[in-house]
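Here are the chains, one letter per residue:
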Amino acid sequence: MTQNSSSVPAPGESAAAPAPAKLRLANVTKTFENAGQNVEALKPINLEIREGEYVVLFGPSGCGKSTLLNLIAGFEEPTSGEITLEGRRVTRPGHDRLMMFQEHALFPWLKVIDNVVYGLGWRPGYRFRPRLRRQKARELLKLMHLEEFARSPIHELSGGMKQRAALARALAPDPKVLLIDEPFPALDALVRARLYSELQDILVRTRKTIVSVTHDPREAACLGDRVIVFTGRPGSIKTEIKVDLPRPRDINDPQVAGYAGKIAALLEEGQRETIPGEKV
Amino acid sequence: MKPSPEKKFRLYVFGFYLLLFVIWQALFSLRIIPDYLFPSPLQVGWRLWELGNDGMLWPSIKATLARMAIGFSIAAGIGLVIGMPMGMSRVVNSCLKSLFLGLQTLPSAAWVPISLLIFGLSDSGIYFVVIMSSVAAVAIATSDGILHIPPIYLRAARTLGTPGYAMPFRVILPAALPRIVTGVKLGWTLGWHGAVSAELIKSSIGLGYLLYMGRELNDAAQVLGIMVLTILFGLLLDRFLFGQIEHRIRRRWGLLTPA
Ligand SMILES: Nc1ncnc2c1ncn2[C@@H]1O[C@H](COP(=O)(O)OP(=O)(O)OP(=O)(O)O)[C@@H](O)[C@H]1O
Ligand SMILES: [Mg+2]
């Protein structure tokens, strides 16, 4: 297929030489111990993510997607195995990785713009340059169509606006890897579609390495270069799909829908015993 | 035009107080209790007006409020400084919490004798009583507030790269603010009790002193009048100053369900 209308080559394309793995997960497992009871959340996971790649983790509820993201973010340590970012071992949260949570987690004591500025304050290049921080925050808010709300308190924003503000805050410090846990839940279809296109705009512009989690096969197909499909609990990688479509992709594009169908079918396959959303 | 429910409630409240005054006046008119023990609302109002004209009232109110402002600021500061390590360390918390809960059960007036022993009749004794009455409430609220911070804020702060030294003031304290403000409000009320109690005995100015003078002079109208004023100022600051701040913070922190 030669569908190259965009100037930026998708990393999934075989034509370009594969970039070296940026993030490497080697035999990573996680078992939670709760009051003497062991819950095995993740079976050995092996995964390599390249620079500029958008990888979507997709699987039934409770299969350990959030756990894996927490491990990469450094909030938790793997029970066994190793996670390395550019060769260095991940043991705790750091400047090179940034997690965006399912809840927006914006700080209510700060105005919208100050939330975006916040993360910059700890970065070497911005440390003692408040004006530069503001300027960068303004640019990002503009990108998210939030410039009018820069000085608003958080509680005056709508749900979709909060998510966009959270995205601006996550992008501001320019982390090497952005981790997104179910970024756009409970938003109406229109807002979601807009967020997807905005996110892709940024992707094309900044070529950021992103790992995100979703329940929604369409979202996976729309955003991911690669979709990693997980088995039910304890989670392991069942298979993966390369989404070979040019960006930006429209969530309603039939080709995206085609991939979404494939992804959904993979999840169903042999998953009779773990229904997504079940309570264990 | 239909009045809004809010306005209707206000009307009821106003009616309730009117009724209270009518009953008070009626009890007085029936002369069940001798009038030198039980003055009428008009006599009380008249006495307060007289006190005001004599230049006794306003300086006393100012004195009590000033003592509260200074004493309580110190108390709030100490409470925060003690409450923060309590909230951040389980060990410190388990040691200090029971102590402060115990201290909180002590009536404010119970601090007066010890303050007399230590400070004599000096003004610093009043500050001592105010501080001791309110510090525990602020400290406990601060530590509880910190212990109840939604973990998501702490995780967000960490992933955004907040260094450890910046956590207490950039994240932990603001995230705990709603509960801290509630504790500050309670602390203010307890401190107010303490201030008036201490003034009863150790002062030559202030609302407590006027209460004491009223008793010395067998002036029931003055005693009741000052009591009413003490309630009014306590309520005013509690409801309209601290209450407003608390409401705003809770709304901003998304802790109020929009009506
Ligand atoms: N702190 C913890 N202690 C004990 N068990 C945990 C803990 N966190 C997660 N688990 C367990 O690990 C498993 C994976 O949880 P995780 O949150 O990663 O699932 P998920 O794939 O993100 O699910 P969902 O799609 O519903 O968010 C679950 O069975 C959960 O009960
Ligand atoms: Mg999850």
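Per chain, residues are indexed from 1 in the order of the written sequence. Going through the entries in the order they are written, you letter the chains from A and number the ligands from 1. Where totals are concerned, whole chains, interfaces and linings use all residues; where local detail is concerned, this predicted model gives features only for residues with pLDDT of at least 70, and gives and counts side-chain atom pairs only at 80 or more. To get the side-chain values, take all heavy atoms of the structure and skip hydrogens and water.

A word on the overall build of chain B
Runs of H or I in DSSP of at least four residues are treated as helices and runs of E of at least two as strands, each being numbered from the N terminus. Summing up its helical and strand segments, chain B has 10 helices and 0 strands in all. Mapped in sequence order, the helices and strands of chain B form the string α-α-α-α-α-α-α-α-α-α. Along the longest, intermediate and shortest principal axes, the C-alpha atoms of chain B span 70 × 65 × 30 Å. Sorting the 259 residues of chain B into buried and exposed places 43% on the buried side. Any two residues whose heavy atoms approach within 4.5 Å at even a single point are treated as in contact. The contacts in chain B between residues at least 6 apart in sequence include a share of 71% that link residues at least 24 apart. For chain B, the exposed surface amounts to about 14400 Å²; the carbon and sulfur share of it is 71%. His is not counted, nor are the chain ends, whereas Lys and Arg count as positive and Asp and Glu as negative. Just so you know, the charge point we use is NZ for Lys, CZ for Arg, CG for Asp and CD for Glu. Of note, chain B has its 22 positive side-chain charges centred 18 Å away from the centre of its 11 negative side-chain charges. Per-residue accessibility, obtained with a 1.4 Å probe over protein chains only, is compared with the maximum for each type, and a residue is labelled buried under 20%, exposed over 50%, and partly exposed between these values. Working definition of accessibility: Shrake-Rupley area with a 1.4 Å probe, residue cover restricted to the visible protein chains.

A few points about the side chain of Q200 of chain A
Residue and element names in this part refer to chain A. By secondary structure assignment, the location of Q200 is in helix α5 (residues 189–206). Look at Q200 and you get buried, because its relative accessible area is 0%. With near-sequence residues (within four places) excluded, Q200 lies in contact with C222, L223, R247, P248 and R249.

Description of a nonpolar patch on the surface
Patch rule: a residue counts if its relative accessible area is over 30% and it has no salt bridge; like charges are joined within 9 Å, and nonpolar side chains (Val, Leu, Ile, Met, Phe, Trp, Tyr) within 5 Å. One speaks of a salt bridge when a side-chain nitrogen belonging to Lys or Arg is within 4 Å of a carboxyl oxygen belonging to Asp or Glu. On the surface, L19, I23, L27, L30, I32, I33, Y36 and L37 of chain B cluster together into a nonpolar patch covering about 830 Å² of accessible area. Note on placement: I23 of chain B falls in helix α1 (residues 5–30).

A closer look at the confidence of the model for chain A
Residues and elements named next belong to chain A. Each residue carries a pLDDT score, the predictor's confidence in it, ranging from 0 to 100. Considering every residue of chain A, the mean pLDDT works out to 83; 87% of them sit at 70 or more. Of all the helices and strands in chain A, α5 carries the lowest mean pLDDT, 77, while helix α2 (residues 112–118) carries the highest, 94. Residue range residues 1–16 is modelled with pLDDT below 50. Its contacts to residues more than four positions away, or to other chains, number 18 contacts. When the criterion is pLDDT under 50, residues 273–280 qualifies, and its contacts beyond four places in sequence or with other chains add up to 8 contacts.

Considerations on the interface of chain B and chain A
Reports of interface size often rely on the accessible area that becomes lost once the parts have come together. On the side of chain A, 26 residues touch chain B, which itself brings 20 residues to the contact. Two parts lose some accessible area (1.4 Å probe) when they are put together, and adding that loss for both gives the buried area. Summed over both partners, the interface of chain B with chain A buries about 2100 Å², with 64% contributed by carbon and sulfur atoms. Contact with chain A buries surface across chain B, with T159, L160 and R252 of chain B losing the most and accounting together for 35% of the total. Taken together, the links from chain B to chain A amount to 0 salt bridges. Counted as a polar contact is a pair of N or O atoms within 3.5 Å, where, for protein atoms, one must be capable of donating a hydrogen and the other of accepting one, and residues adjacent in sequence contribute only when both atoms are in side chains. Taken together, the connections running from chain B to chain A amount to 6 residue pairs in polar contact (both at pLDDT 80 or more). Elements that contribute at least two residues to the side of chain B that touches chain A include exactly α7 (151–159), α8 (167–202) and α10 (220–252) of chain B. Ranked by residues supplied to the side of chain B that touches chain A, first place goes to α7 of chain B with 7 residues. The residue makeup of the side of chain B that touches chain A, split by class, is 12 nonpolar, 3 polar and 5 charged. Gly falls in the polar group here, along with every residue not listed as nonpolar (Ala, Val, Leu, Ile, Met, Phe, Trp, Tyr, Cys, Pro) or charged (Asp, Glu, Lys, Arg).

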